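Secondary and tertiary structure notes
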There are 4 protein chains.
Amino acid sequence: MKTYMKEKIDTFRQEHKNRARLLINCPDQPGIVAAVSQFLYEHNANIIESNQYSTDPDRGEFFMRIEFEIPELKSQIKNLEEEFQAIRKQFDMEATFKYVDQLKKVAIFVSKEPHCLLELLWEWQSGDMIADIGLVISNHETSREIVESLGIPYYYIPANKDIREQVEQKQIELLREYNVDLIILARYMQILTPHFVGTFKNQIINIHHSFLPAFIGAKPYERAYNRGVKLIGATSHYVTNDLDEGPIIEQDISRVDHRDNAEAMKKIGQSVERSVLARAVKWHLDDRIIVYGNKTIVF
Amino acid sequence: MKTYMKEKIDTFRQEHKNRARLLINCPDQPGIVAAVSQFLYEHNANIIESNQYSTDPDRGEFFMRIEFEIPELKSQIKNLEEEFQAIRKQFDMEATFKYVDQLKKVAIFVSKEPHCLLELLWEWQSGDMIADIGLVISNHETSREIVESLGIPYYYIPANKDIREQVEQKQIELLREYNVDLIILARYMQILTPHFVGTFKNQIINIHHSFLPAFIGAKPYERAYNRGVKLIGATSHYVTNDLDEGPIIEQDISRVDHRDNAEAMKKIGQSVERSVLARAVKWHLDDRIIVYGNKTIVF
Amino acid sequence: MKTYMKEKIDTFRQEHKNRARLLINCPDQPGIVAAVSQFLYEHNANIIESNQYSTDPDRGEFFMRIEFEIPELKSQIKNLEEEFQAIRKQFDMEATFKYVDQLKKVAIFVSKEPHCLLELLWEWQSGDMIADIGLVISNHETSREIVESLGIPYYYIPANKDIREQVEQKQIELLREYNVDLIILARYMQILTPHFVGTFKNQIINIHHSFLPAFIGAKPYERAYNRGVKLIGATSHYVTNDLDEGPIIEQDISRVDHRDNAEAMKKIGQSVERSVLARAVKWHLDDRIIVYGNKTIVF
Amino acid sequence: MKTYMKEKIDTFRQEHKNRARLLINCPDQPGIVAAVSQFLYEHNANIIESNQYSTDPDRGEFFMRIEFEIPELKSQIKNLEEEFQAIRKQFDMEATFKYVDQLKKVAIFVSKEPHCLLELLWEWQSGDMIADIGLVISNHETSREIVESLGIPYYYIPANKDIREQVEQKQIELLREYNVDLIILARYMQILTPHFVGTFKNQIINIHHSFLPAFIGAKPYERAYNRGVKLIGATSHYVTNDLDEGPIIEQDISRVDHRDNAEAMKKIGQSVERSVLARAVKWHLDDRIIVYGNKTIVF
């Protein structure tokens, strides 16, 4: 990584060293918010942002995200997490503390078309997407120059369906070596095996070039053109073993008309793809997404 | 029809008595525009608006719509159409002259939910949708009062899949009696038989409550909710015998999020449905749509 | 009011008889959320929705809206409000309890163009906008028929700038007689005096036909056309004595191009106006808006 | 310029060597389209796209843009332009032929914030914006590295209002040296003198960070924040001597809410700025824009 990016990231971490997020889900019942906010108050937390949602206030599932600051947070973490055990048990919660200065370690997978990769690198360079981009993996050499010019390692691993398992073996080794906890498929045009997907559950974000569930699978722009649609779109979702069926994080569309052939739709769509993927990734990095069943709550 | 609507329509017809539209499609080749515009010039036409499109300038299909005014148009119509035969033959054209003061005769079909019907009546009353609404046909009594209060006949014809043919028989008789040339399915929740659809080819406009081709068929909002989409939409299309597969005229979407259940999506979607249907109908009434294969050119 | 609307409203009130909202603003400091949520928990409240915002978590202003249900709410109101005094004092709060079955009493003011009035009546009839519409006041007779057909009283009060004070005197008498607590200016083209505005602070919602602060004052579409803009818009805001300078509640825009003259812009704009005003009014009726300085927080 | 960009541009020029555009405006009268299309037909032109517009079909101003291909165009240019003189005179036309393989020579001006510059370079590299970028001029060194890495000369010319004339003198010399015919102000934060603006009439495109005419001048995001708007926008326009008052080419907006402070609005706005500027520049490069009075017709 280039020095100026290292400095930018160090500054961010320093400024957010007392910042944490608490993500909760549990069966809804009265008293959760009171208990959690009392707990944070007693631990001197200054609440920056708080969001909650219940599928049904009567007997639904309850979700909450609180971002807060605690003076000298580093020295408090152990206490904080231990003392929260009582609340966790009382309400039968899944609860996770996230510490903002512990950046997520990211791998970007890309094939030939670089527009989504470039958008992510752009957002990262400009400081709008704070992450530790460990490496880029591609089955093409196309994007090596731009990636390496930013000081990011680039691994060329040729891939096709006949050598899928060997390829994934190499990829998994690299991902472990770099301690990756988020994989972004920035138009990576290879299908992943259940083994790979299972290894990184809710840690793989894909961009699909249609507004799902329309045009699942290959060549969505051609099929959109053939159907004569007046809107094209893109969808970012977590990857599961059902192709293009994982929990949707974000979608958007753009207008097209009869003058746009499949090639024109592809150009128009690329602009939607890059912004949709960038938004989804930023929400993930900000711990704004809770996956519940096959859906996402995005706070 | 109420007197003030009759007056509004009469005024419109009087103001547009010299206004016509020429719709063309033929194999593309050089010289079409030159020939057509020379023809109109020689017939003293003042061109109001002109649009053209070719699927491929080399050997594609060519489409054109010209709106124009000719002094004393009524006395020229016969000449105009006869003398255009030469051009029609030369370029192997499908060509239609439409005369703006000959309003389209419309039937609106509706079931229980009145929002699309009401939007159309609204646009019609405010003078933004110029048509001769002959009748409303419904398998429910729900909307009788509002429709009759505007002086429009309301026919209640109970319907279900077991009596489909008898029902359509009655409907077709009414449509013939009223000389209907456009049928609008404003959330009419009955499937039409191939016989009915074939009788009114490219004359039936439907509104489907999803962005097709996603969620073809029943209960799209429920299915959208279950899939966890972040956008819902509506599609207006000409009806063919493939359910929800006809040529798309217009589509639009609205954003939803995890807080919106199926019921909320339905409410949000109704607003999209009504504006999408109203736009599609107005384009049809303005002779802006050419159906080509299973697609529309909308000028 | 027509019987079926009375029934619809009665049903709504019955279903929400235990529903209340608490609106808070105070200087931000740790412990507010803990105290409020503990208070509600102790009063057996089931929280339906909760939103909060702070202009600055350090020393800013804190805002909160909580919607909740308490069994047998009616018998608890006195207790609830009295016992909340301690918290109110502790945090130096402005705090208001709103009871959902106490519908707001609304007057709609309109001049000639009925599109915004009709949109409101539509939303009201379809049950999407729950309010007690007491009366419509207009300086034209245009909309009398449609308003009276819904069983709503219509008062024709001719108005112009020379008789402004007499006119407003009559209007205020009517507003008092009907116990109005929300006035909607649905394209009412008369300027109100400081006396009138002062009498109904943050209780008058206007729709202005431009995206403010562009095109303050008269004839915004003409001026938009002359400027050659590519977007036109509408703004809904609370009325203050600075013309079109009050706190903005909602804005939206629509695209236009060189083919749209001022008249076409006006038509396009009307559709934006009606949806922007309807959204703003619904948020007000749902107690989602807190006015702070010259801005709104919309939860 | 890097070799691969040279190759990409050479390919484009080769593929479009027979492609031209004809831009016309003149007083509207019958026969214009007939004459022009007959002329092109006689010169063996294959029409790719044709657009026309009249401010008023009766006695308005008429505008037309035709894109066409003529076999062996290079050898026909002289004939074509000479023989068109008759039509030009007959209809009192302003008419210009543009040849698509003669790329526009572009200078980009930028100050500190690089997002608009980077968007343009991105579109250029990906082949979506075909132009000959001659040089970048900046009053800061910030963007030198990225610009030079693409093989584009970067000129650092410090600027402030006290040395405006000397600065512009140097800039004009450079612009002449590079034969520049389009100047893009990609967030160049210096005001230009009337002399400079007059030297490049309708050849300077600016991006202003508000939806004009709201927030003309400095610090629009701060002022938008203070006004409490719910939308922020950006406007691309040709530069005239009235600050931010030149003919508008394109505008767009993004939603904001009470949680967005001026800094957040700036971030959100940058994304709008870059897409609005890129669209405007591409339309200019495609000869789609005709300036008429203080407005643009964009075909």
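Residues numbered from 1 in each chain as written. Chains lettered and ligands numbered in written order. Predicted model: local features only at pLDDT ≥ 70, side-chain atom pairs only at ≥ 80, totals over all residues. Heavy atoms only, no water.

For the record, the criterion: UniProt positions are given in the numbering used here, feature names are shortened, and annotations may be inferred rather than shown by experiment.
With an unreviewed UniProt entry as reference, chain A is termed Formyltetrahydrofolate deformylase, source organism Gracilibacillus dipsosauri. Heading Catalytic activity (unreviewed entry) of the UniProt record for chain A holds this comment: "(6R)-10-formyltetrahydrofolate + H2O = (6S)-5,6,7,8-tetrahydrofolate + formate + H(+)". Looking at chain A in UniProt, the text filed under Function (unreviewed entry) is "Catalyzes the hydrolysis of 10-formyltetrahydrofolate (formyl-FH4) to formate and tetrahydrofolate (FH4)."

Looking at the sheet that holds strand E4 (residues 94-99) of chain D
All names here are of chain D. The cut-off we apply is this: The rule for pairing is simple: two strands pair if DSSP sees at least two bridges between them. A run of H or I in DSSP counts as a helix once it spans at least four residues, and a run of E counts as a strand once it spans at least two, with each numbered from the N terminus. With axes taken as lines fitted to C-alpha atoms, and helix axes fitted only over the stretch in contact, angles between N-to-C directions fall between 0 and 180 degrees. We call two residues in contact when some of their heavy atoms are within 4.5 Å.
Ordered by their spatial adjacency, 4 strands build an open sheet running E2-E3-E1-E4, and the pairing between neighbours is antiparallel. Every other strand in the sheet has two partners, leaving strand E2 (46-54) and E4 as the edge strands with one partner each. The mean inter-strand angle of the sheet, taken between neighbouring strand axes irrespective of direction, is 10°. As judged from the 8 bridges shared by E2 and strand E3 (residues 61-69), these two strands associate in the antiparallel manner. Bridge assignment links Asn 51 to a residue of E3, and that residue is Arg 65. With respect to the sheet, helix H2 (residues 32-42) is in contact with strand E1 (19-27), E2, E3 and E4, its orientation differing from that of E3 by roughly 15°.

Side note on the UniProt feature "active site" (unreviewed entry) in chain A
Residue and element names in this part refer to chain A. Let me state the cut-off plainly: Here a polar contact is recorded for every N or O atom pair within 3.5 Å, except that within protein the pair must consist of a potential hydrogen donor and a potential acceptor, and residues adjacent in sequence are included only if both atoms are side-chain atoms.
UniProt's entry tags Asp 244 with the feature "active site" (unreviewed entry), counted in the numbering of this structure. With respect to the helices and strands, the residue Asp 244 is situated in the loop between strand E10 (231-238) and strand E11 (248-255). Within the local environment of Asp 244, its side chain forms a polar contact with the side chain of His 208, the two groups lying 3.4 Å apart.

Structural notes on the UniProt feature "domain: ACT" (unreviewed entry) in chain A
Residues given the UniProt feature "domain: ACT" (unreviewed entry) here are residues 21-102 of chain A. Between the end C-alpha atoms of residues 21-102 of chain A the distance is 11 Å, and the span holds 37% helix and 38% strand.

Quick notes on helix H3 (residues 73-91) of chain B
Residues and elements named next belong to chain B. Just so we agree on the cut-off: Expected helix span is computed as 1.5 Å times (number of residues minus one). Under the scheme applied here, a residue whose accessible area is under 20% of the maximum for its type counts as buried, over 50% as exposed, and between as partly exposed, the area being computed with a 1.4 Å probe on protein chains only.
Between its first and last C-alpha atoms H3 spans 25 Å; for 19 residues at 1.5 Å apiece the expected length is 27 Å, and the two agree. All buried positions along H3 are accounted for by Leu 73, Ile 77, Leu 80, Phe 84, Ile 87, Arg 88 and Phe 91. Those residues of H3 that are buried are in contact with strand E1 (19-27), helix H2 (32-42), strand E3 (61-69) and strand E4 (94-99). Note on H3: the residue one or two positions beyond its end, Asp 92, has a positive phi of about 55°.

Let's talk about the relation of the copies chain B and chain A
Stated precisely, the cut-off is as follows: We place the copies in one frame by least squares, fitting the C-alpha atoms of every residue whose pLDDT is at least 70 in both.
Rotating chain B by 180° and translating it 0.0 Å along the rotation axis places it on chain A, where the RMSD comes to 0.0 Å. Classification of the inter-copy transformation places it as that of a two-fold axis. Considering only C-alpha atoms, the part of chain B nearest the rotation axis is Ala 214 of chain B, at 2.2 Å.

Here's the deal with the relation of the copies chain D and chain C
Expressed as a screw transformation, the operator carrying chain D onto chain C has a rotation angle of 180° and an axial translation of 0.0 Å, and the superposed copies differ by an RMSD of 0.0 Å. With an isologous cut-off of 70% or more, the 100% of interface residues of chain D that recur at the interface of chain C puts this contact in the isologous class.

A few points about the interface of chain D and chain C
Test applied: By convention, the term buried area covers the 1.4 Å-probe accessible surface removed from two parts as they join, with the contributions of both added. One speaks of a salt bridge when a side-chain nitrogen belonging to Lys or Arg is within 4 Å of a carboxyl oxygen belonging to Asp or Glu.
Taken together, the contact between chain D and chain C spans 32 residues of the former and 32 residues of the latter. The largest contributions to the chain D side of the interface with chain C come from Arg 227, Lys 230 and His 258 of chain D, which together make up 27% of the buried area. Arg 255 of chain C is the partner of Asp 252 of chain D in a salt bridge, and the nearest nitrogen-oxygen pair spans 3.5 Å. Summed over the shared surface of chain D and chain C, the result is 23 residue pairs in polar contact (both at pLDDT 80 or more). Counting residues per element, the ones that place at least two in the side of chain D that touches chain C are helix H8 (220-227), strand E11 (248-255) and strand E13 (295-298) of chain D. The dominant element in the side of chain D that touches chain C, judged by the number of residues it contributes, is E11 of chain D, at 7 residues.

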